[in-house]
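# Geometric and topological summary
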Amino acid sequence: MTKNVIVLLAEGFEEIEAVTPIDYLRRAGITVTVAAVGDSLAVKGARGITVMADAALKELAKQGAVSSFDGIVIPGGMPGAANIAASQEAGALITQMAAAGKLVCAICAAPAVVLAPLGILDGKKFTCYPGMEEKVQGGKWTDESVAVDGNVITSRAAGTAGKFAVAVIAALLGEAEGEKVARAVLL
């Protein structure tokens, strides 16, 4: 059965933290829907790279399509993570997916800025961009490059995006599939 993942993009997202998981997940045969948080499908990243989303999150939410996703990936970057945190649709989707036991994955600033205010890190082991852990109440911070706790996967920064993506693949398809992609890209 094909797995489906949604990746949220908002103005100011960290490009490597978005594109690396999109690429690696697609290499593993996972269907990835890139959803724009905002009014335009063309979303400009923190380094000025514009990525064209597949759909607008608002439209997916109206269609009720979000229930078809097995996981969500939330890139960091500022103000991208703050823009996702400010979105009612994004908050509702992330909360629904966490409550349903679906995979909730965030990297860099996103664990602290997006997940923590929603209560998703409460009692969970997590990691994030250095210094951002101070904003998190109720979570158990670790300095590992990737932290997996149940259905929550977090990672530190752009430099850990490959390991993060492999952890997402492993959670959805098994360790062997994650390792297969890691070997193919010489990670």
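Please refer to the structure placed before this passage.
So, a few notes on the structure that sits alongside this text. (Residues numbered from 1 in each chain as written. Predicted model: local features only at pLDDT ≥ 70, side-chain atom pairs only at ≥ 80, totals over all residues. Heavy atoms only, no water.)

### Let's talk about the overall build of the chain
Counting its regular elements, the chain contains seven helices and eleven strands. Against the 2.2 N^0.38 benchmark of 16 Å for 187 residues, the chain shows a C-alpha radius of gyration of 15 Å, consistent with a compact globule. Dimensions of the chain along its principal axes, counting C-alpha atoms only, are 35 × 35 × 35 Å. Expressed as a percentage of the 187 residues in the chain, the buried residues total 52%. Per element, the accessible surface of the chain, about 8100 Å² overall, is 52% carbon and sulfur. (Helix = DSSP H or I, 4+ residues; strand = E, 2+ residues; numbered from the N terminus. Rg over C-alpha atoms; globule rule 2.2 N^0.38 Å. Buried < 20%, exposed > 50% of the residue type's maximum accessible area, 1.4 Å probe, protein only. Areas by Shrake-Rupley, 256 points an atom, 1.4 Å probe, with all protein chains shown as cover.)

### As for the pattern of salt bridges
Counted according to the given criterion, the structure contains six salt bridges. A salt bridge links Lys-180 to Glu-177; the nearest nitrogen and oxygen atoms lie 4.0 Å apart. Linking Lys-180 with Glu-177, this pair stays in helix α7 (residues 175-184), spanning three residues, or about one helical turn. Here Glu-177 falls in the partly exposed class, since its relative accessible area comes to 27%. (Salt bridge = Lys/Arg side-chain N within 4 Å of Asp/Glu carboxyl O.)

### Some thoughts on unusual backbone geometry
Cis geometry is adopted by the peptide bond preceding Pro-79, which originates at Met-78 and carries an omega value of 10°. Mapped onto the elements, Pro-79 comes out in the loop between β6 (71-74) and α3 (80-85). Look at Cys-108: it is not a glycine, yet its phi comes out positive at around 70°. Of note, Cys-108 is situated in the loop between β7 (103-107) and α5 (110-115). Backbone geometry at Leu-186 places phi at a positive 60°, although glycine is not the residue there.

### Digging into the state of the cysteines
Enumeration over the complete set of coordinates arrives at zero disulfides. Cys-128 forms no disulfide, and the closest cysteine sulfur to it belongs to Cys-108, at a distance of 8.4 Å. Overall, the relative accessible area of 0% leaves Cys-128 in the buried class. (Disulfide = S-S within 2.5 Å.)

### A word on the sheet that holds strand β11 (residues 152-155)
Spatially, seven strands are ordered β5-β2-β1-β6-β7-β11-β10 in an open sheet, and the strand pairing comes out mixed. Single-partner strands in this sheet number two, and they are β5 (55-56) and β10 (146-149). As paired strands, β10 and β11 are joined by four bridges and run antiparallel to one another. Pairing of Asp-149 across the sheet is with Val-152, part of β11. (Pairing = 2+ DSSP bridges.)

### Things to note about the side chain of Thr-160
Structurally, Thr-160 can be placed in the loop between β11 and α6 (161-173). Residue classification places Thr-160 among the buried residues on the basis of a relative accessible area of 13%. When neighbours within four sequence positions are excluded, Thr-160 is seen to be in contact with Ile-107, Ser-145 and Ser-155. (Contact = heavy atoms within 4.5 Å.)

### As for α7
Those residues of α7 lying buried are Gly-178, Val-181 and Ala-182. When α7 is viewed along its axis, its buried side chains cluster within an angular range of 100° and face the same direction. In this structure, α7 carries Ala-176, Arg-183 and Ala-184 as exposed residues pointing more than 90 degrees from its buried face. Packing partners of the buried residues in α7 comprise α1 (15-27) and α6. Positive backbone phi, at 60°, marks Leu-186, one or two positions downstream of α7. (Arc of directions from axis to C-beta.)

### Focus on the side chain of Glu-133
Tracing the chain through its elements places Glu-133 in the loop between β8 (125-126) and β9 (140-141). Of the side chains with opposite charge, Arg-156 lies nearest to the buried Glu-133, which makes no salt bridge, at 5.4 Å. Within the structure, Glu-133 has its side chain in polar contact with the backbone nitrogen of Gly-131 (distance 2.8 Å). Apart from the residues within four sequence positions on either side, Glu-133 is in contact with Phe-126, Cys-128 and Trp-141. (Lys, Arg positive; Asp, Glu negative; His and termini not counted. Polar contact = N/O pair within 3.5 Å; in protein donor to acceptor, adjacent residues only side chain to side chain.)

### What to know about the environment of Lys-135
Along the chain, Lys-135 turns up in the loop between β8 and β9. Given a relative accessible area of 55%, Lys-135 falls into the exposed group. Sequence separation between Lys-135 and Pro-117 is 18 residues; the distance between their C-alpha atoms is 9.3 Å.

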